[in-house]
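Structural overview
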Amino acid sequence: MKILVADPNDAVRSFLSRALRLDGHDVIAAALSTTAWSMCQRQMPALVLTELRFRDEDGLTFIGRVKRMAPAPHVVTITLDNSLGAEIDAYAAGVTVHMVKPIVYDRIAAVVVAVGSLVRADSVVRCGTLMVDDLNHKVWIDEREVPLNDREFAIVSLLCRHQDAVVTVESIVSAVWGSSRLGDPAELGRSITNITRVMRRITDKQFIFMVPSLGGYTMTATRPLWADRATEPKGGRRGKKGN
């Protein structure tokens, strides 16, 4: 399992990284929350182990960004802050487990194993013949793998987990790019165009539809009745040739 360790303490970060690697995990680490956030966007870990106290910004701000990702990693806080308020705030932010230092590694390892079970149980979602595996960052259609980059995978995963509902452009950009200021609706459109083009090499079935009236996109296993009133992404359903 890919794990991000975010802790400003060099000794703690080094120890956890080394111990988790010995347990067979793929570990990345950061001392600053802003660095950790960049790593999350690029490498999409399944689990984040994080402090609440950083030199650059509040840890809850970092956790808030992480939990808005698509797919969102599980977060475990391991912190020096032993206050009840910190625990309440951490769980309110969406962490899976909150722990206070000092902690023996055996307890951390047990939590990682338990969270790993949650990750595996929640990692696969289907939309008809399309299957998304969040743990391994792979998409299949009719048991054939769809080659997508990380950002395209995140878009497909988000739409699949909200299938049959319309997800607004702003929501997709915010979840995938990390902020509506960092993304661009035109860039999202280009990404979906490429996703559709790649899927068309495997199947004639259309999965993603644009819904201009609601300003978003939807994924569905069956062609919706309103599809003719919506606009399909470029590279989508092939039109019939004229006579």
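Refer to the structure presented above.
Residues numbered from 1 in each chain as written. Predicted model: local features only at pLDDT ≥ 70, side-chain atom pairs only at ≥ 80, totals over all residues. Heavy atoms only, no water.

Glancing now at the nonpolar core. The biggest cluster of nonpolar side chains holds 52 residues, and the ones touching the most others in it are Phe62, Leu130, Ile155, Val156, Ile172 and Met219. Here the element with the most residues in this core is helix H6 (residues 150-161); it accounts for seven residues. Residues in contact with phenylalanine 62, not counting those within four places in the same chain, are Leu4, Ala6, Ser33, Ala36, Trp37, Cys40, Val48, Thr50 and Glu57. (Core = buried A, V, L, I, M, F, W, Y, C linked by side-chain atoms within 4.5 Å. Buried < 20%, exposed > 50% of the residue type's maximum accessible area, 1.4 Å probe, protein only. Helix = DSSP H or I, 4+ residues; strand = E, 2+ residues; numbered from the N terminus. Contact = heavy atoms within 4.5 Å.)

What follows is about unusual backbone geometry. Residue proline 102 follows lysine 101 across a cis peptide bond; omega there is -5°. In this fold, proline 102 is placed in the loop between strand E5 (97-100) and helix H5 (105-122). At methionine 44, a position not held by glycine, the phi torsion is positive, near 50°. Summarising the element assignment, methionine 44 is placed in the loop between helix H2 (33-43) and strand E3 (47-50).

One can describe the packing of helix H3 (residues 59-67) onto helix H4 (residues 84-93) by two numbers: an axis separation of 9 Å at closest approach and a directional angle of 20°. Considering their axes alone, H3 and H4 lie roughly parallel with respect to each other. For the element pair H3 and H4, the recorded crossing hand is right-handed. Contacts between H3 and H4 involve Leu60, Ile63 and Lys67 from the former and Asp89, Ala90 and Ala93 from the latter. In terms of residue class, the contact of H3 with H4 is built from four nonpolar, no polar and two charged. (Axes fitted to C-alpha atoms, helices over the stretch in contact; angles between N-to-C directions. Parallel < 35°, antiparallel > 145°, perpendicular 65-115°, else oblique. Left-handed = near helix turned anticlockwise from the far one by under 90°. Nonpolar A, V, L, I, M, F, W, Y, C, P; charged D, E, K, R; others polar.)

We now examine the sheet that holds strand E9 (residues 144-145). Strand order in this open sheet of four strands is E6-E7-E8-E9, and the pairing throughout is antiparallel. Two strands lie at the open edges of the sheet, namely strand E6 (124-127) and E9, each paired on one side alone. Where strand E8 (residues 138-141) lies against E9, two bridges are found, and the strand directions are antiparallel. What sits directly across from isoleucine 141, in E9, is arginine 144. (Pairing = 2+ DSSP bridges.)

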